[in-house]
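Listed here are the chains, written in short residue letters.
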Amino acid sequence: MQSAISFGLSLAALMAGITRLPVGPWPCGFLALGLIFVVSSAFTPAKCVRDRQEVAEVTNRADKARIDKILVEQDVFHPGSGEGLAPAAPGHGSPGPRLGA
């Protein structure tokens, strides 16, 4: 928020300064056009940096999901089989029959 206020104030001050210069309309127009060009060229790198960070974030999330999937599929009871988790033995972690149903 502070950077947006600072940007707005500096832009307004420069525009006020350009309009109050004791020169003709052509030099003022040239300076105003230069100001617009500087502002637009400042936004372009900021957008490029933001886009690169978003791409890196999505890539990192995809890599993390892939690693999580591999870890879940790893069979801890039979190393090297790679066929997923071993089924639970009867009575060990299985829900069993429902009572009163």
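Our subject is the structure listed above.
Note that the coordinates shown come from a computational prediction; the quantities given were computed from them, not determined experimentally.

### Remarks on the packing of helix H1 (residues 2-19) against helix H2 (residues 25-73)
Move 1: Axis separation between H1 and H2 bottoms out at 9 Å; the angle between their running directions is 165°. It follows from the interaxial angle that H1 and H2 lie roughly antiparallel. Judged by the sense of rotation from one axis to the other, the crossing of H1 with H2 is right-handed. In contact with Phe 7, Leu 11, Leu 14, Met 15 and Ile 18 of H1, H2 contributes Cys 28, Leu 31, Ala 32, Leu 35, Val 39 and Phe 43.
Move 2: When its residues are assigned to classes, the contact of H1 with H2 shows 11 nonpolar, no polar and no charged.

### Details of the packing of aromatic side chains
Move 1: Counting across every chain of the model gives 1 aromatic pair.
Move 2: Where Phe 7 meets Phe 43, the ring centres are 5.6 Å apart and the plane angle is 75°; that geometry is what we call edge-to-face. Of this pair, Phe 7 sits in helix H1 while Phe 43 sits in helix H2, and the two are 36 residues apart along the sequence.
Move 3: Looking at Phe 7, the relative accessible area reads 36%, which means it is partly exposed.

### Focus: the pattern of salt bridges
Side chains bearing opposite charge may pair, as long as their charged atoms lie close to each other.
Move 1: One pass over the structure, following the stated rule, counts 4 salt bridges.
Move 2: Between Glu 57 and Arg 61 there is a salt bridge; the shortest N-O distance is 3.0 Å. Here Glu 57 and its partner Arg 61 are both found in helix H2, 4 residues apart, which amounts to about one turn of the helix.
Move 3: According to the relative accessible area criterion, Glu 57 is partly exposed, its value standing at 45%.
Move 4: Here Lys 64 makes a salt bridge to Asp 68, at a shortest N to O gap of 3.1 Å. Here the residue Lys 64 and the residue Asp 68 both occupy positions in helix H2, the gap between them amounting to 4 residues, near one helical turn.

Each value, and the rule that gives it
Residue indices begin from 1 for each chain and proceed along its sequence in written order. In view of the model being predicted, local features appear only for residues whose pLDDT reaches at least 70, and side-chain atom pairs are presented and counted only at 80 or more, with totals across whole chains, interfaces and linings using the full set of residues. Note that the side-chain values use all heavy atoms of the structure and ignore hydrogens as well as water. Each axis is a line fitted through C-alpha atoms, and for a helix only the stretch in contact is used; angles between axes span 0 to 180 degrees, taken between their N-to-C directions. Under the DSSP-based scheme used, a helix requires at least four consecutive residues in state H or I and a strand at least two consecutive residues in state E, with every element numbered from the N terminus. Small angles under 35 degrees read as roughly parallel and large ones over 145 as roughly antiparallel, with 65 to 115 read as roughly perpendicular and the rest as oblique. Crossing handedness: left-handed means the near helix sits turned counterclockwise from the far one by under a right angle, and right-handed means the same turn made clockwise. The criterion used for residue contact is that any of the two residues' heavy atoms lie within 4.5 Å. Ten residues, namely Ala, Val, Leu, Ile, Met, Phe, Trp, Tyr, Cys and Pro, are considered nonpolar, four, namely Asp, Glu, Lys and Arg, are considered charged, and the remaining ones, Gly among them, are considered polar. Stacked, tilted and edge-to-face are the three classes applied to pairs of Phe, Tyr and Trp rings, where Trp contributes its six-membered ring and a pair requires centres within 6.5 Å; stacked means planes under 30 degrees apart, edge-to-face means over 60, and tilted covers the rest. When a residue's accessible area, from a 1.4 Å probe over protein chains only, is under 20% of the maximum for its type it is buried; when over 50% it is exposed; and in between it is partly exposed. Whenever a carboxyl oxygen of Asp or Glu lies within 4 Å of a side-chain nitrogen of Lys or Arg, that contact is scored as a salt bridge.

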